[in-house]
Amino acid sequence: MELILEEKDADDWLYRGEGAANLVLGYSGSSSAFVGKVIRVPKASLKKSEAVTSATILTTHEQLLWKDMPELVICSSKEMISHFFALHVMCPLLGYTHTDAGRLVRVSKEFLEEVEKRIIGLRPVWRVDAAKVNTFCDYALLMSDHSLFSHGLLSESHCIAVEVKPKCGFLPFSSFIAEANAIKKKVSRFKMHQALKFHQGEISELSLYDPLGLFSGSRERMSHAIESLFTTPQNNFRVFLDGLLIYGGLGGYSEATCSLMDACERGKEFVGMLDGVIKASNDMRLSSFIELVTEAFHHSGVLNKLLEVQKLDLFDIEGAIHAYYDIISQPCNICKNLHDEEMIQRCSFFHSLPLEESLKIVREYLISVTAKDCSVMISFQPRRDGEMDDIYDSIYLTSTSQSFNYKVRFTSLTLI
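Residues numbered from 1 in each chain as written. Predicted model: local features only at pLDDT ≥ 70, side-chain atom pairs only at ≥ 80, totals over all residues. Heavy atoms only, no water.

Undergrad: Explanation requested: the pattern of salt bridges in the structure shown.
TA: Side chains bearing opposite charge may pair, as long as their charged atoms lie close to each other. Evaluation of the coordinates by the stated rule reveals 20 salt bridges. Here Lys 167 makes a salt bridge to Asp 373, at a shortest N to O gap of 2.6 Å. Taken together, the residues Lys 167 in the loop between β8 (160-164) and α6 (189-199) and Asp 373 in helix α15 (residues 355-373) connect sequence positions 206 residues apart. (Salt bridge = Lys/Arg side-chain N within 4 Å of Asp/Glu carboxyl O. Helix = DSSP H or I, 4+ residues; strand = E, 2+ residues; numbered from the N terminus.)

Laid out in structure tokens, this is it:
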């Protein structure tokens, strides 16, 4: 039987947070079909003048791009495209062990309208001004709540979950990057975006985080990166306790940047909440928490897999754009505005490629961009003395002499 959410069901779904394209709602009811689940509901931009509709099918050129994946080509809505892209493209590349493509659940317009009314006061103001719930969509994505273990609702042990947006973990190496943009080869994309957001007033302080440290493989640099994320979480770092958000923003910037005094108070409150989960004194609990997250990233190796997919982008946007113009059979505007004869000769390489090669370059670029913006959720649950669990991996936290079950899942695998 097909699951469908009606107006009466809106009471059971609580606001969890949001990104640029979707809202996340957590379930608080008693239905066995939804306990331990979240749904991702599409948003509709308020800045676009066109009518809001879910009947967004692939264009002719997009169908050409994904022609080897009929599941994508035949999709009749944006929600279906997002789901099948995650299922048939991202999951095989990132590995099924650490991915969850979820399932589509039908949603009525009345359900979405009621959800919109209930959550509007909980959303960051700048998010409200930018987009609303897309009340014209027919489906939402139902997924396991990875801030909990599958038995977390019944277990006496607490569950800590950390959600990280690692961002791009390498410096581009493309020879098609213009000399004027050479800084891209020296400074991480995240750092440059931070500078831009600070200049435009979107954030009040620069994040201390640098993705290159988290992806380095060095425990010391990874630990420093996680500590930096904790210090300036913005919308890149969140912590849940038993499924409830206890640290980090709901999906915006303004609520995640505050004064040094506020940050210190918030840190003290966070450390107190972990009492009984991480067995350390108050002054050591935060460092033990950072050690725990570092060990999980290092032990699982998921960042190595994520980096592999990110590095499918061999040419950077400055190279891939040439292949795009060939696909759409239009004169290349980039080449038309080039004045460097050497670069003109270099870029002519793209325009002599067979169509299949151009398709491959653009396809891999889009997959890479998705990997650069996905999230990683790591959930932890303390093991009792003598307990054995073959379902989950485990790590040992040296500083507290504790063992933890843990699981890692990639989320937000939607085509950008």
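Undergrad: Sorry if this is basic, but what is going on with the nonpolar core here?
TA: Across soluble globular proteins, nonpolar side chains show a tendency to be buried alongside one another. The biggest cluster of nonpolar side chains holds 79 residues, and the ones touching the most others in it are Phe 237, Phe 289, Phe 297 and Phe 380. Among the elements that take part in this core, helix α3 (residues 78-94) stands out by supplying eight residues, more than any other. Here Phe 289 is in contact with Ile 160, Val 162, Phe 237, Val 239, Phe 270, Leu 274 and Ile 278, once residues within four sequence places are set aside. Ranked by size, the runner-up nonpolar core spans 21 residues in total, among them Trp 13, Tyr 15, Val 133 and Leu 142. (Core = buried A, V, L, I, M, F, W, Y, C linked by side-chain atoms within 4.5 Å. Buried < 20%, exposed > 50% of the residue type's maximum accessible area, 1.4 Å probe, protein only. Contact = heavy atoms within 4.5 Å.)

Undergrad: Help me understand the environment of Asn 333, please; the structure alone is not making it clear to me.
TA: Position of Asn 333 relative to the elements: it lies in helix α13 (residues 333-336). Here Asn 333 falls in the partly exposed class, since its relative accessible area comes to 31%. Separated by 95 residues in sequence, Asn 333 and Arg 238 have C-alpha atoms that sit 41 Å apart. A polar contact is formed between the side chain of Asn 333 and the side chain of Lys 336, at a distance of 3.1 Å. (Polar contact = N/O pair within 3.5 Å; in protein donor to acceptor, adjacent residues only side chain to side chain.)

Undergrad: Before we go on, may I ask you to explain the sheet that holds strand β13 (residues 402-411) in this structure?
TA: Paired through backbone hydrogen bonds, the strands of a sheet run either parallel or antiparallel to each other. Taken together, six strands build an open sheet; the order of strands is β10-β9-β8-β11-β13-β12 and the sheet is antiparallel. On the outer flanks of this sheet lie β10 (244-247) and β12 (393-397), each paired with one strand and no other. In this sheet, adjacent strand axes meet at a mean angle of 30 degrees when their direction is disregarded. In this sheet, β13 lies alongside strand β11 (residues 375-382) in antiparallel orientation, the contact comprising eight bridges. In the sheet register, Val 376 faces β13, and the bridge partner there is Phe 410. Its contacts with the sheet put helix α10 (residues 282-300) on β8, β9 (237-241), β11, β12 and β13, and the angle it makes with β12 is roughly 140 degrees. (Pairing = 2+ DSSP bridges. Axes fitted to C-alpha atoms, helices over the stretch in contact; angles between N-to-C directions.)

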